[in-house]
Amino acid sequence: MAGGVFVAAQKGDFPAKLTGQVILCSIIAAFGGLMFGYDIGISGGVTSMDDFLEKFFPDVYVKKHEVRESNYCKYDSQKLQLFTSSLYLTAIVFSFVSSVVCKKYGRKLSMQIASVFFVAGAILGALAETVSMAIIGRVLLGAGIGMANQVVPLFISEISPPKFRGSLNIMFQLLITIGILIANLVNYKTSKVKKIGWRISLGGAIVPGLALLLGSLLILETPTSLIERNKKEEGLRNLKKIRGSDAVEIEYELLLQAAEEANKVTHPFSKLIKRKCRPQLVCGTIIHMFQQLSGINMIMFYAPVLFQTMGYKSDASLLSAVVTGSVNVVTTLVAVFSVDRVGRKFLLVEAAVQMFLCQITMGGIFLVHLHAQGSVSAPLAKLIVSLVCIFVGGFAWSWGPLCWLISSEIYPLEIRPAGLFLACSTNMLFTFVIAQGFLTMLCHMRSGAFFFFGAIIVIAGTFIFFFMPETKGVPIDEMEERLWKKHWYWRKYFDEDDDHVAKKAELEFTHKGVEGENL
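Criteria and cut-off values
Along each chain, residue indices are assigned from 1 in the same order as the chain's sequence is written. Totals for whole chains, interfaces and linings use every residue, but because this is a predicted model, local features are given only for residues with pLDDT of at least 70 and side-chain atom pairs only at 80 or more, for both listing and counting. By convention in this description, side-chain values take in all heavy atoms of the structure and omit both hydrogens and water. To qualify as a helix, a DSSP run of H or I must reach at least 4 residues; to qualify as a strand, a run of E must reach at least 2; elements of each kind are numbered from the N terminus. Throughout, exposure labels follow a simple rule: accessible area from a 1.4 Å probe, protein chains only, divided by the maximum for the residue type, with under 20% read as buried, over 50% as exposed, and the rest as partly exposed. Contacts: residue pairs with any heavy atoms within 4.5 Å of one another. A carboxyl oxygen of Asp or Glu within 4 Å of a side-chain nitrogen of Lys or Arg is what we treat as a salt bridge.

**A word on the overall build of the protein chain**
Along its length, the protein chain carries 25 helices and zero strands. Expressed as a percentage of its 519 residues, the buried residues of the protein chain come to 61%. Summarising the internal contacts of the protein chain: among those between residues at least 6 apart in sequence, 82% fall at separations of at least 24.

**Remarks on the pattern of salt bridges**
A complete count under the given rule lists 19 salt bridges for this structure. Taking the shortest distance from any N to any O, the salt bridge between glutamate 251 and arginine 243 comes out at 2.9 Å. On the basis of relative accessible area, glutamate 251 is assigned to the buried category, the value being 7%. Judged by relative accessible area, arginine 243 falls into the buried class, the value being 1%. Where glutamate 480 meets lysine 485, a salt bridge forms, and the shortest distance between an N and an O atom there is 3.8 Å. Among the charged side chains, a salt-bridge network with shared partners connects Lys103, Arg107, Glu158, Glu228, Arg416 and Asp477.

**A short note on the side chain of lysine 108**
As for its placement among the helices and strands, lysine 108 is situated in helix α7 (residues 107–127). For lysine 108, the residues in contact, after removing those within four places along its chain, are Ser216, Leu217, Ile219, Leu220 and Glu221.

**Looking at the environment of leucine 255**
Position of leucine 255 relative to the elements: it lies in helix α14 (residues 249–263). Distance in space between the C-alpha atoms of leucine 255 and isoleucine 227 is 7.3 Å, their sequence separation being 28 residues. Non-local contacts of leucine 255, meaning those with residues more than four positions away in its chain, are made with Pro223, Thr224, Ile227, Leu239 and Asp477.

**Focus: the environment of leucine 202**
Checked against the element boundaries, leucine 202 lands in helix α10 (residues 197–203). A C-alpha to C-alpha distance of 8.1 Å links leucine 202 and serine 43, two positions 159 residues apart in sequence. Leave out the neighbours within four places in its chain, and leucine 202 touches Ile42, Val46, Phe83, Ala122, Gly125 and Ala126.

In short, shape yes, function no, at least from these values alone.
Here you go:
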């Protein structure tokens, strides 16, 4: 970015009040999170329902009801895990599609396409008669989720005033947690409906998909996207609407200069891997890897299965998942009200300590008390549910929402869609790894799985403490000047960026040429 952009921004603050238009657009866009959350919650419950297992995975159904089958291995089936995880491989591909659509055609269209894919996948899943049909339905859901997860945090970050960007962006994660809770409640009710209960659960995904589709017709396109696509007058009009003021000259000038710089970049992925973009690239992607390797999806995907492993009956395990889902929603509100006050780093590091203690405690209980057959005592089972709730609470006010927030705010405009694609695809890749491998991991590693995730959390917390700059309150197009160039470690990547090195080499070559002529 040109240095003048940042000088102008720091000499005067542009209007930053929280308008009804911004709140409305943020809530509607965040329904993309509701789609994602509903799917996370619904898949774990459906895959523990007897009618579903008997129809599509009869071998798992038989193992589930065998008295002598190991507690840790009764759900170990690659095909069953593929049903859950196939969605996330597709999401990786379509998060790239979304990055292209976002840049060329805008953020709104990307959200609309995402919702159409999601609705189609929900319909196919509800009507499935074969495993192939069910998995194809999951693939379509994955296309919708991949596109939505890429565009929604970007959309919210671009329309939000800097002062409120954190709280507004966390609406995406809040809707994810609400989606998980709704899915758990739906599963709890439909588990009692014979033969078609699982169809109702899978078909329920139509509702959040339609909500995003219809809502996206009402929201405004982001001024950043319009200006980047040379629709400057419409961009200025939308900027005045979302700020609730005509005094937007400073912010508009910032957006014009940012768009000018962005339009000079014809290959954003090539720029993204250059030296001066490496700090954002590393931080924006590695936090998503840490998010998934914290063990959260092990708990949220398979909470009903996990609780059944501990000895809870089917209804009780689904009810326990409802309890953890409720905790997830309530504790996400902590992030909404605190992220723009205490900052991102504090919440991430504090939660890492909390989550680590929960993982190793649960691992210790499983190691000592849960053997291949039998179940843990009722008091210990309740303790594990409590530890799961504490773990989920820590995640919900930190790693859950803040990874999406940070990766949507740290990239300069010219590489923002590309950067978010890599962040989203990293998230989906490791979600796939956990979804595809956890039940096998639980079967072979048993309690060791919890110690493994605990160790990852220690590494994650250490990385945040030393290498992640605090982005609280910094305008989205000023991150490089205010943060990265001043960070104790990352500033060395800006000492001599690629353009400067090229110019220096050219000058040296010219100088040597002159010397040669003089000789």
